[in-house]
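Now for the letters of each chain:
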Amino acid sequence: MYIRFGKVFHGLTILLFLFIFLYFYAALSDRIAYAVDEDGGWLKTITKGTFFYTGLIIFGVLNVLLAVPGKLIENGSISSLKRLFPVGDIFREYILLWIYSFIGVINLALSILTLFVHSINNQNEISTDSFSFFFYMVPILFLIWVLALFWILFKKFQEIKENSPSL
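Keep in mind that this is a model prediction, so the values were computed, not measured.

This brings us to the side chain of S101. Along the polypeptide, S101 turns up in helix α4 (residues 90–121). Looking at S101, the relative accessible area reads 8%, which means it is buried. A distance of 2.8 Å separates polar atoms of two side chains, one belonging to S101 and the other to W145. Those residues in contact with S101 that lie beyond four places of it in its chain are G6, F9 and W145.

In this structure, L66 sits in helix α2 (residues 48–75). Measuring from C-alpha to C-alpha, the distance between L66 and I99 comes to 7.4 Å, with 33 residues separating the pair along the chain. Excluding anything up to four places from it in sequence, L66 contacts I99, F102, I103 and I106.

Cut-offs used in this document
- Residues numbered from 1 in each chain as written.
- Predicted model: local features only at pLDDT ≥ 70, side-chain atom pairs only at ≥ 80, totals over all residues.
- Heavy atoms only, no water.
- Helix = DSSP H or I, 4+ residues; strand = E, 2+ residues; numbered from the N terminus.
- Buried < 20%, exposed > 50% of the residue type's maximum accessible area, 1.4 Å probe, protein only.
- Polar contact = N/O pair within 3.5 Å; in protein donor to acceptor, adjacent residues only side chain to side chain.
- Contact = heavy atoms within 4.5 Å.

Pasting the structure below:
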C-alpha cells in the first residue's frame, strides 16, 4: 500500500516538473543565463535549445537511474534483493516508498532549479530573494530523506539480527 503513495508522489512531481519546465522555457529569451555577477550582469549563458534538451536529458536520466533499484526490488529480479526484501515484508514497502518518494524529491529540486534559472533571467519580474525559502527547502528535504533511509536500514538490520540463528 505504501508503494502506491510513493508512485503517486513520483508521478505528480513528474507532471509538476514538466509543467514548470515547459512554462518557464516558453517565457525565456533566446539566450539563457545561469550565472550572474553582483550587479546582475550575465557571466555564463547558453542557448534556449541547449537549456531545453540538457534539462530534459538530466531529468530523464535521473528518473530512470533512480527508479531501477525500485523496480529490481519490486520485481524480485535479483535473488539477493528478493531474499533481503521478500514480498509481504514491511521493510520492502518502506524501502520502495523511500525510493519512489526520493525520486519525487529530486524532481522537486529540479523544478526549483528551473524556477531559479527563470528568476535569474527575469530579474525585473521575479527576484531570487523572494524564493529563498525554496532554496533552503531542498537540502532539508535531502537530509530528511537520507535520515529516513538510515532509519529503514537500521530497522531492517535489527530485524535480520533478531531472526538470525545464534551460534
